[in-house]
Amino acid sequence: MSRRGTGPEEPTLTVCRGCCCGRTEKHPEVDHRAQLSALQATGVRVRVVDCLDACERSNVVVVSPSPAGRDAGARPVWLGGVLDVETTTEVAEWVRAGGPGVADPPGFLDLQVFSPSRRTRAEAEL
């Protein structure tokens, strides 16, 4: 299936780039700009936010399902430790395939999934 451009029918990525995530001070081994570029190249909507308040899990990316995924019962999936090219590539593959509720996460991406606190989820409004 070909994925064309961003739209309301696509999953959405929310990428934390605040106090910890996306910072060379915390993760000097990560090319944060290249990571963000790779996620933006997926063709889905990418929201960059200041802080998702899950700093102990940085870098954090949230994959929100498309309407089809929500109809299938999916909810936003929080991923922590998105710190290498392989994990970033798996995130990109997943959203290109349709994301939560539409496609299973590839490879070992399910090992990065975590549940944030209710307060954190509510404040993120995802």
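Above this note sits the structure.
Residues numbered from 1 in each chain as written. Predicted model: local features only at pLDDT ≥ 70, side-chain atom pairs only at ≥ 80, totals over all residues. Heavy atoms only, no water.

**Student:** Can you walk me through the overall build of the protein in this structure?
**Tutor:** Along the protein, the regular secondary structure elements total 4 helices and 5 strands. For the protein, the N- to C-terminal ordering of α and β elements is β-α-β-β-α-β-α-β-α. Computed over its C-alpha atoms, the radius of gyration of the protein comes to 13 Å, within 12% of the 14 Å expected for a compact globule of 126 residues. For the protein, the spread of C-alpha atoms along the three principal axes comes to 40 × 30 × 25 Å. Scored against the burial criterion, the 126 residues of the protein give a buried share of 45%. (Helix = DSSP H or I, 4+ residues; strand = E, 2+ residues; numbered from the N terminus. Rg over C-alpha atoms; globule rule 2.2 N^0.38 Å. Buried < 20%, exposed > 50% of the residue type's maximum accessible area, 1.4 Å probe, protein only.)

**Student:** How should the pairing of strand β3 (residues 61-64) be read in this particular structure?
**Tutor:** Here is the key point about a regular strand: its side chains alternate between the two faces of the sheet. Residues Val61 and Val63 point to one face of β3 and Val62 and Ser64 to the other, with burial holding for every one of them. For strand β1 (residues 12-16) and β3, the ladder comprises 4 bridges, and the chain directions are antiparallel. Among the inter-strand pairings, Thr12 is bridged to a residue of β3, identified as Ser64. (Pairing = 2+ DSSP bridges.)

**Student:** Would you take a moment to explain the environment of Trp94 for this structure?
**Tutor:** With respect to the helices, strands and loops of the structure, Trp94 is situated in helix α3 (residues 85-97). Each C-alpha atom of the pair Trp94 and Cys21 lies 21 Å from the other, and the pair is 73 residues apart in sequence. Polar contacts involving the side chain of Trp94 include one to the main-chain carbonyl oxygen of Ala103, which spans 2.7 Å. (Polar contact = N/O pair within 3.5 Å; in protein donor to acceptor, adjacent residues only side chain to side chain.)

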